[in-house]
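Commentary on secondary and tertiary structure
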Amino acid sequence: MKILSIESSCDETAAAVVEDGRNVLSSVIASQVEEHKLYGGVVPEIASRRHAECISQITAQALDEAGVTMEDIGAIAVTAAPGLIGALLVGVNFAKGLALATGTPLVPVHHLRSHVAANYISHPDLTPPFLALVVSGGHTHIVEVRDYTDYHVLGQTRDDAAGECMDKSARVLGLPYPGGLNLDRASQNGDPKAFPMPHPKVNGSEYDFSFSGIKTHVINTVHHMEQMGETPDVADMGASVIAGVVDFLVRNTEKAALDFAYDKIVLAGGVSANSVLRRRFEELCAEHGWQLYLPELSLCGDNAAMVGAQGYYEFENGVRADLTLNARPTMNIEESF
Ligand code: KG4
Ligand code: ZN
């Protein structure tokens, strides 16, 4: 079955056609990076306006590139939560209108589940159950994916996401938006031990994270050095932040995999593009004999192909929405629509 999928949760307007959850027939992404770069981060109101301007065109292009018409489409999958509410509403309302006009079933999809599903596209052999580390700009979760639509959270961040910590560290170091990617690039030859980072302890759960301490430490250190007339070495500071964040991600995921006997580990979300994170997980999994699944780089960030992949499994599980569907800025990954 072919699914038309739509994504507009943040600053990418995307549409795709995906067959049976795994085979991408087309995937179109209109990025707003250049515009938000002027402001050093995503401006929600601008994001919504740009989505509204281009969503019809992007969708038409996705159908066109796949060589199909709406008559070939079995369902429309749309990201309905979590994300920027104004941005999500553009995709959700567009999808509702298209579903009504064409009589096509509508399937709401959780954004973070779709990040995990990017791996079904990259790895045709991957099937649940597995343990997933979901690391994006706004979320950091360790989840048991017991089945395609059966999620159980083991740990999550108590404050900032890993991506937020990298983005704000990049910003204070003067690197342009998108911070995480530029921090990764600028740190390739840096010394990860140059600036010791705090080792946050989170009481109550062995798998939870806290990244606000590292973020604040970096901001304070850079400001302090600047007041003293010193300039921090961007590569060294960047490599140190990344090492601090990645150490924490690796440590908790390793513990969860050992405690719950998982030998399949999946990385997902924008931060899974990070070169150090990918390398460290390759080493970890090689050491334990675990199978590691990484999304290909083009599928790490926001895209609609991953929404079509997860949408297929949600559809198979009977998930449907009617025209009362609303977007939600927050939603637990365990919850179904
Ligand atoms: O999943 P995503 O595209 O959007 C959200 O759902 O949030 O993730 C965006 C996050 C941003 O924080 C961005 O800086 C980060 O992913 N990111 C990276 C890299 N590429 C993107 N972080 C670290 N290293 C990278 N190479
Ligand atoms: Zn995302």
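Now for a description of the structure that goes with this document.

Conventions adopted
Residues numbered from 1 in each chain as written. Chains lettered and ligands numbered in written order. Predicted model: local features only at pLDDT ≥ 70, side-chain atom pairs only at ≥ 80, totals over all residues. Heavy atoms only, no water. Helix = DSSP H or I, 4+ residues; strand = E, 2+ residues; numbered from the N terminus. Contact = heavy atoms within 4.5 Å. Pairing = 2+ DSSP bridges. Axes fitted to C-alpha atoms, helices over the stretch in contact; angles between N-to-C directions. Near = heavy atom within 4 Å. Polar contact = N/O pair within 3.5 Å; in protein donor to acceptor, adjacent residues only side chain to side chain. Areas by Shrake-Rupley, 256 points an atom, 1.4 Å probe, with all protein chains shown as cover. 1 Å grid on protein atoms, 1.4 Å probe; cavity = no way out; pocket = protein on both sides within 12 Å on 5 of 7 lines; lining within 4 Å. Sits in = over half its atoms within 2 Å of the grid points. Donors = N, O, S within 2.8 Å, 3.2 Å for Na, K, Ca; no water. Buried < 20%, exposed > 50% of the residue type's maximum accessible area, 1.4 Å probe, protein only. Salt bridge = Lys/Arg side-chain N within 4 Å of Asp/Glu carboxyl O. Parallel < 35°, antiparallel > 145°, perpendicular 65-115°, else oblique. Left-handed = near helix turned anticlockwise from the far one by under 90°. Nonpolar A, V, L, I, M, F, W, Y, C, P; charged D, E, K, R; others polar. Points joined across faces, edges and corners; volume = space filled by probe spheres on them.

1. With respect to the environment of Val-266
- Mapped onto the elements, Val-266 comes out in strand 9 (residues 264–268).
- As for Val-266 and Tyr-293, which are separated by 27 residues in sequence, their C-alpha atoms are 4.7 Å apart.
- What Val-266 contacts, discounting residues up to four positions off in sequence, is Asn-119, Leu-126, Phe-130, Leu-131, Ala-132, Leu-133 and Tyr-293.

2. Overview of the sheet that holds strand 9
- On the basis of which strands lie adjacent, the open sheet formed by five strands has the order 8-7-6-9-10 and mixed pairing. Looking at strand neighbours, the two that pair on one side only are strand 8 (150–156) and strand 10 (291–293), the edges of this open sheet. Each adjacent strand pair in this sheet contributes to an overall mean axis angle of 25 degrees, direction not counted.
- In terms of strand pairing, strand 9 meets strand 10 through three bridges, oriented parallel. From the neighbouring strand, Val-266 faces strand 10, where its bridge partner is Tyr-293.

3. A short note on the site of ligand 1
- If you check the shell around ligand 1, you find 18 residues, and the closest are His-115, Gly-137, Asp-167, Asp-184 and Gly-270.
- Between ligand 1 and Gly-163 there is a distance of 3.5 Å, counted from an oxygen atom to a backbone nitrogen or oxygen.
- Taking Asp-167, its side chain carries an N or O atom lying 2.5 Å from an oxygen atom of ligand 1.
- Burial of ligand 1 by the surrounding chains reaches 85%, relative to a free accessible area of 550 Å².
- If you map ligand 1 onto the pockets, it falls in the largest pocket.
- For the shell around ligand 1, the elements supplying multiple residues, two or more each, are helix 4 (111–122), helix 5 (162–172) and helix 6 (179–186).

4. A short note on the coordination of the zinc ion (ligand 2)
- Those donors, His-111 (NE2), His-115 (NE2) and Asp-302 (OD), are the protein atoms that reach the zinc ion (ligand 2), and they lie 2.1 Å from it.
- All donors of the zinc ion (ligand 2) belong to a single chain; written as a sequence motif, their spacing is H-x3-H-x186-D. Of this pair, His-111 and His-115 both sit in helix 4, four residues apart, which is roughly one turn of the helix.

5. Quick notes on the sheet that holds strand 1 (residues 2–7)
- One open sheet accounts for five strands, arranged 3-2-1-4-5; its pairing is mixed. The open sheet terminates on both sides in strands that have one partner only, identified here as strand 3 (23–31) and strand 5 (106–110). Neighbour-to-neighbour, the strand axes of this sheet turn through a mean angle of 20 degrees, independent of strand direction.
- Pairing of strand 1 with strand 4 (residues 73–81), which is carried by five bridges, proceeds in the parallel orientation. For Ile-6, the partnering residue across the bridge sits in strand 4 and is Val-78.
- The sheet strands contacting helix 2 (residues 44–66) are strand 1, strand 2 (12–19), strand 3 and strand 4, and the helix crosses strand 2 at an angle near 25 degrees.
- Strands in contact with helix 4 are strand 1, strand 3, strand 4 and strand 5; relative to strand 5, the strand with the most contacts, it is inclined by about 95 degrees.

6. Considerations on unusual backbone geometry
- Backbone torsion omega between Pro-128 and Pro-129 reads 5 degrees, so that peptide bond is classified as cis.
- Relative to the assigned elements, Pro-129 resides in the loop between helix 4 and strand 6 (130–135).
- The omega torsion across Tyr-177 and Pro-178 is 0 degrees, close enough to zero to call that bond cis.
- For Pro-178, the location among the structural elements is in the loop between helix 5 and helix 6.
- In this structure, Asp-20 takes a positive phi of about 50 degrees despite not being glycine.
- Judged by relative accessible area, which is 35%, Asp-20 ranks as partly exposed.
- With a phi angle near 55 degrees, Ala-261 is a residue other than glycine that sits in the positive phi range.
- In this fold, Ala-261 is placed in the loop between helix 8 (234–259) and strand 9.

7. A closer look at the pattern of salt bridges
- Tallied over the full model, the rule gives 15 salt bridges.
- A salt bridge links Arg-49 to Glu-45, with the shortest nitrogen-to-oxygen separation between them at 2.8 Å. In this pair, Arg-49 and Glu-45 both sit in helix 2, four residues apart, roughly one turn of the helix.
- Using a relative accessible area of 46% as the deciding quantity, one classes Glu-45 as partly exposed.
- A salt bridge links Arg-146 to Glu-144; the shortest N-O distance between them is 3.3 Å.
- Ionic contacts of the salt-bridge type, sharing partners, join the residues Asp-160, Glu-164, Lys-168 and Lys-215 into one network.

8. Section: the packing of helix 2 against helix 3 (residues 85–102)
- In contact at an axis separation of 9 Å, helix 2 and helix 3 are set at 30 degrees when each is read in the N-to-C sense. Here helix 3 runs roughly parallel to helix 2, going by the angle between their axes. Crossing hand, helix 2 versus helix 3: right-handed. On helix 3, the residues touching Ser-48, His-51, Ala-52, Ile-55, Ser-56 and Thr-59 of helix 2 are Gly-86, Ala-87, Val-90, Gly-91, Phe-94 and Leu-98.
- A breakdown of the residues in the contact of helix 2 with helix 3 according to their chemical character gives six nonpolar, six polar and no charged.

9. Describing the layout of surface pockets
- Volume-wise, the largest pocket comes out at about 1400 Å³.
- Around the largest pocket sit 48 residues that line it, and Gly-137, Asp-167, Tyr-177, Pro-178 and Gly-270 are the ones nearest its centre.
- When contributions to the lining of the largest pocket are tallied by element, the ones reaching two or more residues are helix 4, helix 5 and helix 6.
- Tallying contributions element by element places helix 5 first for the lining of the largest pocket, with seven residues.
- Its residues assigned to classes, the lining of the largest pocket comprises 19 nonpolar, 18 polar and eleven charged.

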